[in-house]
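Structural description and commentary
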Amino acid sequence: KQEVTQIPAALSVPEGENLVLNCSFTDSAIYNLQWFRQDPGKGLTSLLLIQSSQREQTSGRLNASLDKSSGRSTLYIAASQPGDSATYLCAVSETGNQFYFGTGTSLTVIP
Amino acid sequence: DAGITQSPRHKVTETGTPVTLRCHQTENHRYMYWYRQDPGHGLRLIHYSYGVKDTDKGEVSDGYSVSRSKTEDFLLTLESATSSQTSVYFCAISGRVALMNTEAFFGQGTRLTVV
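Residues numbered from 1 in each chain as written. Chains lettered and ligands numbered in written order. Predicted model: local features only at pLDDT ≥ 70, side-chain atom pairs only at ≥ 80, totals over all residues. Heavy atoms only, no water.

Concerning the interface of chain A and chain B
On the side of chain B, 20 residues touch chain A, which itself brings 20 residues to the contact. Note on chain A versus chain B: buried area summed over both sides is about 1,700 Å², and carbon and sulfur give 54% of it. Taken together, chain A and chain B are joined by one salt bridge. Residues Lys1 of chain A and Glu59 of chain B are paired through a salt bridge, measuring 3.4 Å at the closest nitrogen-oxygen approach. Of all the secondary structure elements, the ones that give two or more residues to the side of chain A that touches chain B are β4 (32–38), β5 (44–51) and β10 (99–101) of chain A. Split into classes, the residues belonging to the side of chain A that touches chain B amount to seven nonpolar, 11 polar and two charged. (Contact = heavy atoms within 4.5 Å. Buried area = accessible area lost by both parts, 1.4 Å probe. Salt bridge = Lys/Arg side-chain N within 4 Å of Asp/Glu carboxyl O. Helix = DSSP H or I, 4+ residues; strand = E, 2+ residues; numbered from the N terminus. Nonpolar A, V, L, I, M, F, W, Y, C, P; charged D, E, K, R; others polar.)

Structure follows, in structure tokens:
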């Protein structure tokens, strides 16, 4: 069974800092990997989707990379802002449909 | 919200009663999912559907059943609710028909409390 781990579980940074969130998975035979953001009491918002054939995806201040062979993905957030405070979740899919989730990294950006 | 509506958004029910949660999509996605989210466990898949009347179990399916009679609707039923089923339930969709797009989108969640 695929196991997804996110480290650290919580992170607090001052505004303006660049930061990296980590996601690791145990089985490298994945179809894709997706990063989500979740605000308290809300649903999940899709941030970036990386197909297994891709190495990275970018959207605005966000950049996600994928290294299948080592079972790792990173989410890079540039010039963090207080509005970036949320829980960030990564999910991997082995077949393009079922997703396995990590428990998330809770990010606080201090003004 | 990618055209996903969950109902109800909040529900309190008594142990032993049946409960049905509804997920409705307007995006014509092939796959629909029900997840539950609990502290310390993250999101876990309960059941999913890959088409009308085509469903399969996820990792925490015991005590739950699902039905999909139309592309746009996916129902999750707790036949006899237990306190261990107190959770936040999320519906998700993926696989837009006719496109090779596997991005998943989530609803806003249903907070269920079993007392």
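After presenting the structure, the write-up continues.
A few points about the nonpolar core
Residues Leu33, Trp35, Leu75, Ile77 and Tyr88 of chain A are the most contacted members of the largest nonpolar core, which totals 24 residues. For Leu33 of chain A, the contacting residues outside a window of four places in its chain are Cys23, Phe25, Leu48, Leu49, Ile50, Leu66, Ser73, Ala91 and Val92 of chain A. Counting residues in hydrophobic clusters, the runner-up holds 19 residues, among them Val19, Val60, Phe74 and Tyr89 of chain B. (Core = buried A, V, L, I, M, F, W, Y, C linked by side-chain atoms within 4.5 Å. Buried < 20%, exposed > 50% of the residue type's maximum accessible area, 1.4 Å probe, protein only.)

Here we look at the pattern of salt bridges
Here the structure, examined in full by the defined rule, presents eight salt bridges over all chains. In this structure, Arg37 of chain A engages Asp39 of chain A in a salt bridge whose closest nitrogen and oxygen atoms are separated by 3.0 Å. Among the charged side chains, a salt-bridge network with shared partners connects Lys1 and Glu3 of chain A together with Glu59 of chain B.

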